[in-house]
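Observations on the model geometry
Residue strings, one per chain:
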Amino acid sequence: MSSMESFYFGGEVLPVWSGACSCGSAGCGGRSYKYIREFVQRVCSCSSLMMSSVKVECVIKAGALIGEGPLWEESQQTLMFVDIAGQKIHRWRPTTNQSESVETEDFVSFVVPRVSGGYLAGMGRSIVAVEWSTQMMTSLVELDEEKPNNRLNDGKVDPRGRLLAGTMGREKRPAEVQRQQGSLFSVTSDLSVTKHLTQVDISNGMDWSLDQKTFFYIDSLSLTVDAFDYDSDSGRLGNRRVVYHLAEGEGLPDGMTVDADGRLWVAIYNGGRVLNIDPETGVCLQTVSLPVTKTTSCCFGGPDFSDLYVTSASLGLDQSERRKQPLAGGVFRVSGLGVKGRPSVSFSG
């Protein structure tokens, strides 16, 4: 029998069960793993339930300084990700285990596909067009022009095809920045730019609810995952509130994705784990631990979007930590979670 996975609920570590129950006892009713994961107060303790099998493996020993921005490109069946400080964009094909890379001239913080072909990337403070076959890069628009010491950080395309991208001050050391220097922008297909938020510390993870009416957002040093009302027609944000709050010392919330059930998966930098959070209740449903501390971001991928890919960083580890974490900077695949993700959206321009 495979090993049991666990999650946090009400301050306790509880088992995650999978499979159908045939005990017929009152209050059970054969509820599945999904039901029990979502409504943990009704966990059935009968022995006929099978334990879930969650597997974590390092699939790319990239040794990235700051691995970030994983994105599954469905049309190519490849995983894209960047090494921010290593100044590289990577593309990995799991069927052949082959990787390709493009070098950039500055820190590169995200990459997304374009409807018109090729990719957009965040490089320095510029949004650039990337032609993979020729490795040509063309600057399209510059953000935070009045703040030359800033750089872009996380970026993602919304359900309507506009790019949202945030900025931050340049780090003195990993996660140490001059505070409130960053902003959150959107960029449309005609390259019109709108500034939505200011006084951001480290603009980071973002994604949208299934009905496109809620935008989830992370400013890492606030230690919170926030939600906004989102008008997908105009891209306007409003009614900011906290969905989940980490305690001091638990690490920093970093990159994020939303699964097909509307739950959040949040990578915890300096925490060595990914949290599965119900945004409706603010409850952490499950914790996935990894063999590295600097977990940075995550996305679902694979042919049926059932694998969770997690990036990590090695920059900032001392020699002792590097010996204990030889896979730091690698990309990990988590399988057996019992949930699926959603396809990424291409930039409309």
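Our structure is the block above this text.
Attention in this report is confined to the structure presented alongside it.

Rules behind the numbers
Residues numbered from 1 in each chain as written. Predicted model: local features only at pLDDT ≥ 70, side-chain atom pairs only at ≥ 80, totals over all residues. Heavy atoms only, no water. Helix = DSSP H or I, 4+ residues; strand = E, 2+ residues; numbered from the N terminus. Contact = heavy atoms within 4.5 Å. Polar contact = N/O pair within 3.5 Å; in protein donor to acceptor, adjacent residues only side chain to side chain. Core = buried A, V, L, I, M, F, W, Y, C linked by side-chain atoms within 4.5 Å. Buried < 20%, exposed > 50% of the residue type's maximum accessible area, 1.4 Å probe, protein only. Salt bridge = Lys/Arg side-chain N within 4 Å of Asp/Glu carboxyl O. Pairing = 2+ DSSP bridges. Axes fitted to C-alpha atoms, helices over the stretch in contact; angles between N-to-C directions. Phe/Tyr/Trp six-rings, centres within 6.5 Å; stacked < 30°, edge-to-face > 60°. Lys NZ or Arg CZ within 6 Å of the ring centre and 35° of its normal.

With that out of the way, let us pick up the environment of Ser-101. Position of Ser-101 among the secondary structure elements: in strand β9 (residues 98-103). Spatially, the C-alpha atoms of Ser-101 and His-90 are 4.5 Å apart, while their sequence positions differ by eleven residues. Other than its neighbours up to four places away in sequence, Ser-101 contacts Ile-89, His-90, Trp-132 and Gln-135. Only 2.7 Å separates the side chain of Ser-101 from the side chain of His-90, close enough to count as a polar contact.

To continue, consider the nonpolar core. If you look at the biggest cluster of nonpolar residues, it comprises 48 residues, and the most contacted ones within it are Ile-89, Ile-127, Leu-163, Tyr-244, Leu-264 and Val-266. In contact with Tyr-244, other than residues within four places in its own chain, are Leu-223, Thr-224, Val-225, Leu-275, Ile-277, Gly-282 and Cys-284. Counting residues in hydrophobic clusters, the runner-up holds 17 residues, among them Phe-300, Val-310, Leu-317 and Val-334.

Per the stated rule, a full pass over the model turns up 17 salt bridges. Between Arg-91 and Glu-100 there is a salt bridge, with its nearest N and O atoms 2.9 Å apart. For Arg-91, a relative accessible area of 13% puts it in the buried group. According to the relative accessible area criterion, Glu-100 is partly exposed, its value standing at 39%. A salt bridge links Asp-231 to Arg-236; the nearest nitrogen and oxygen atoms lie 3.6 Å apart. Taken together, the salt bridges that share partners define one network made up of Lys-156, Asp-207 and Arg-342.

Examined bridge by bridge, strand β20 (residues 224-230) and strand β21 (residues 237-245) share six bridges and lie antiparallel to one another. From the neighbouring strand, Asp-229 faces β21, where its bridge partner is Gly-238.

Overall, antiparallel pairing links the four strands, which are arranged β18-β19-β20-β21 in an open sheet. Edge positions in the sheet fall to β18 (203-208) and β21, since each has one partner strand and no second. The sheet shows a mean angle of 25° between the axes of neighbouring strands, direction not considered.

Turning next to unusual backbone geometry. Leave glycine aside and you will find that most residues have negative phi; peptide bonds, for their part, are mostly trans. Its identity is not glycine, yet Asn-97 carries a phi of approximately 60°, on the positive side. You can see Asn-97 is positioned in the loop between β8 (88-93) and β9. Unusually for a residue other than glycine, Asp-144 sits at a positive phi of about 50°.

Turning our eyes to something else, we now look at the sheet that holds strand β6 (residues 67-73). Within the open sheet, the four strands sit side by side as β6-β7-β8-β9. Their pairing is antiparallel. The open sheet has two edge strands with one neighbour each: β6 and β9. Strand-to-strand twist of the sheet, defined as the mean angle between neighbouring strand axes without regard to direction, takes the value 20°. Sheet topology places strand β7 (residues 78-83) next to β8; five bridges connect them, and they run antiparallel. Bridge assignment links Val-82 to a residue of β8, and that residue is Ile-89.

Turning our eyes to something else, we now look at the packing of aromatic side chains. Using the criterion set out here, one finds ten aromatic pairs in the structure. Consider the rings of Phe-215 and Tyr-230, whose centres lie 5.8 Å apart with planes at 35°: the pair is tilted. Of this pair, Phe-215 sits in strand β19 (residues 214-219) while Tyr-230 sits in strand β20, and the two are 15 residues apart along the sequence. When sorted by exposure, Phe-215 lands in the same class as Tyr-230, which is buried. The structure contains a cluster of three or more aromatic residues connected by ring pairs, namely Trp-208, Phe-215, Tyr-217, Phe-228 and Tyr-230. Taking NZ or CZ as reference, Arg-170 lies 5.1 Å from the ring centre of Phe-107, over its face.

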